[in-house]
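The residues making up each chain are set out below.
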Amino acid sequence: MQVWKEYQLQNKDRFLDELLELLRIPSVSADSKYKSDVARCAEAVKEHLLAAGADTAEVCPTAGHPIVYGEKMVDPSLPTVLVYGHYDVQPADPLNLWHSGPFEPVIKDGKIYARGACDDKGQMYMHIKALETMAKTNSLPCNVKVMIEGEEEVGSVNLGKFLEDNKERLKADIVLVSDTSMISMETPSIESGLRGLAYMEVEVTGPNRDLHSGVYGGAVANPATILCKMIASLHDENNHITVKGFYDKVAELSAAERAAINNAPFDIEEYKKDLGVSEVWGEKGYTTLERTGIRPTLEVNGIWGGYTGEGAKTVLPSKAYAKISMRLVPHQVSDEISDLFKTHFESIAPAGVTVKVTAHHGGEPVVTPTDSPAYKAAAKAIETTFGKDPIPTRGGGSIPIIALFERTLGLKTVLLGFGLDNDNIHSPNEKYDVANFYKGIETIPYFHKYFAEGFNK
Ligand code: BES
Ligand code: MN
Ligand code: MN
C-alpha cells in the first residue's frame, strides 16, 4: 500500500467538506454580477493550494477574471507536471428546474449536486487534494505546477496572453487536466481528443420597427420566420452541414480508427432512455459515437425575437436573433470556419431583410497521443485504481486552451477526466459522484509516480 493511502482515508471527510465550501461560491464567469464572487473563489483556491503544501501560490490578475498559479518544486532535475483546471462555472439558470439551490450543495444518493460539482471545481479540487496527499506524506515524485483559471467557460480569452507572458515559469514536461468524462466507473476511459469551436451570433433585421401583425403581417418579411428558414437550411436532408467549404479540411478516419471508436461499450437504448428521446438524430452514415466524437456539428444554442412574455401580443418583430456554434474536428480552423459561416449566412439572406453575423470565441480541436509515456502513465494509473485498462475515446466537448499549450508552450496534454456524460454539466442539477471525486484523488498520485518513473526511459 502506498504511504498516501492512509492519509487519504484519514482526511476524506475534510476533503469533501472543503469541496462543498468551494461550491458555495457562485463563481459564474459569464455574468458580471458575480465578479466579486469569482475573485473570492480565486482567493479561496490560492489558500487551498498553500494549505496543500505548495511553496508559492498567487492570484494573478488579468484583463478579465484572475488566474490562480502555484507550484511545489521538489528538485529541478525531476520532471514537472503542469496541472490545469478552472474554478469558474456556467450560469445556473433555469433556476426553477433545480431540485436544490445550485450554490447550496447537497449530497443525495452518493452524488454531490451543485453548479460546478463536476465542471470543474470537483475535478480541479481532486488535484489540490492529490498534491496535499503527496506533499504531506513526502512522496511527491516530481515537481507540480498548478494553473487554475477563471474564464474557461467564457472562452479563456486572457489565458493565451498569460501563457505568452509566463513561458519560463510554466516550463513543464506535460499538462495534466481533469475536465472531461469517462464512460463509467465500470468502464474507465481516457479522452484522446477534443473538438474545436466556432461560436457565432446572427441578427436578422426586417422593418425599421416592430409592427402590428394584422396591419402589416403577410406584406413584409418577418425576420423571425426568415431566420428559422435560414437556420433550417443549414442542414440538408442527410443532416450534412450546408455551409460552403465546411468539410474541406475535415480529417476522414480510417476504417480501423472508426472501428476502434465504435468498439467502445455504448447502449443506444440506454442513451435514448436517459435523454427521453424516441430516436437519435444526426449526420447520415455515422454512428452516435462518431457524431459526437470525430464529426463536426452545427447547433443552435439560442434563438429569440419578438414577443416572448406572458400572454399574447400581435406583433411582427423588427429583429430576430440566434446564437449558433459549430464543433470542429482536425484539421478545421476556427477562424476559417467562422469566415465560411459568415459568408454563407449572408449569401442566403433573402431580399427584404438584412443580416449581421458576428463571431464570438473559438478554439482549435486537439488530438492527444495514446502512445506517449504520459498517456501510458495515465493508463497505468487508472489500471491501478480501477483494476481495468482504460479505453481511449474522442470527446465531444472543447477546451480551447489545450491547443495553445501545444502552440505556445510546446506541451502535450493528458486528459485524465473523471466526470460522467450524464453529470448534467451546463444543465440544471449538475452532479458529481462522491466516489468519482475520491477515485480521482486516489488515481492522480499514481499518474505522478508512473510519469516520473517512466520519464527518462
Ligand atoms: N469541461 C468542459 C469541456 C468538456 C466537457 C470536454 C465534457 C469533454 C467532455 C468545458 O468546461 C466546457 O464546457 N467547454 C466549453 C467551451 C468553452 C469555450 C465555453 C464547451 O465545450 O462548450
Ligand atoms: Mn470544464
Ligand atoms: Mn464547461
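Please refer to the structure placed before this passage.
Reference entry: report on the structure contained in this document. Predicted model, so just to flag it, every value in this text is computed and none were measured.

With that settled, the discussion passes to the coordination of the manganese ion (ligand 2). Around the manganese ion (ligand 2), the donor atoms from the protein are His86 (NE2), Asp119 (OD), Asp179 (OD) and Asp179 (OD), and they sit 2.0 to 2.4 Å away. Metal-centred angles of 57 to 166 degrees between the six donor atoms at the manganese ion (ligand 2) mark the site as irregular. The buried category is assigned to His86, whose relative accessible area is 0%.

What follows covers the site of ligand 1. Taken together, 19 residues surround ligand 1, and among them Glu152, Asp179, Arg327, Ser398 and His426 come closest. Arg327 is positioned with one of its side-chain polar atoms (N or O) 2.7 Å from an oxygen atom of ligand 1. Within the backbone of Ser398, an N or O atom sits 2.8 Å from a nitrogen atom of ligand 1. Coverage of ligand 1 by the protein amounts to 90% of the 520 Å² it exposes when considered alone.

Protein coordination at the manganese ion (ligand 3) comes from Asp119 (OD), Glu153 (OE), Glu153 (OE) and His426 (NE2), with a distance range of 2.1 to 2.6 Å. Coordination at the manganese ion (ligand 3) comes from six donor atoms whose angles at the metal span 56 to 154 degrees, giving a geometry best classed as irregular. Motif for the manganese ion (ligand 3), donor spacing along one chain: D-x33-E-x272-H. Between the manganese ion (ligand 3) and the manganese ion (ligand 2), both coordinated by Asp119, there is a metal-metal distance of 3.6 Å. With Asp119 in the loop between strand E5 (111-113) and helix H3 (121-136) and His426 in the loop between strand E20 (419-420) and strand E21 (431-433), the pair connects residues that are 307 residues apart, well separated along the chain.

Turning our attention to the pairing of strand E6 (residues 143-149). Here E6 lies mainly inside the structure; seven of its seven residues are buried. The alternating pattern of E6 places Asn143, Lys145, Met147 and Glu149 and Val144, Val146 and Ile148 on opposite faces, both of which are buried. Alignment of strand E2 (residues 67-72) against E6, held across five bridges, turns out to be antiparallel. Looking at the pairing, Gly70 lines up with Val146 of E6. In the sheet, strand E3 (residues 80-86) pairs with E6 via seven bridges, with the strands oriented parallel. By the bridge assignment for E6, Gly85 is matched with Ile148.

Conventions adopted
- Residues numbered from 1 in each chain as written.
- Chains lettered and ligands numbered in written order.
- Predicted model: local features only at pLDDT ≥ 70, side-chain atom pairs only at ≥ 80, totals over all residues.
- Heavy atoms only, no water.
- Donors = N, O, S within 2.8 Å, 3.2 Å for Na, K, Ca; no water.
- Tetrahedral: all angles 85-135°; square planar, octahedral: opposite > 155°, others 65-115°.
- Buried < 20%, exposed > 50% of the residue type's maximum accessible area, 1.4 Å probe, protein only.
- Near = heavy atom within 4 Å.
- Polar contact = N/O pair within 3.5 Å; in protein donor to acceptor, adjacent residues only side chain to side chain.
- Areas by Shrake-Rupley, 256 points an atom, 1.4 Å probe, with all protein chains shown as cover.
- Helix = DSSP H or I, 4+ residues; strand = E, 2+ residues; numbered from the N terminus.
- Pairing = 2+ DSSP bridges.

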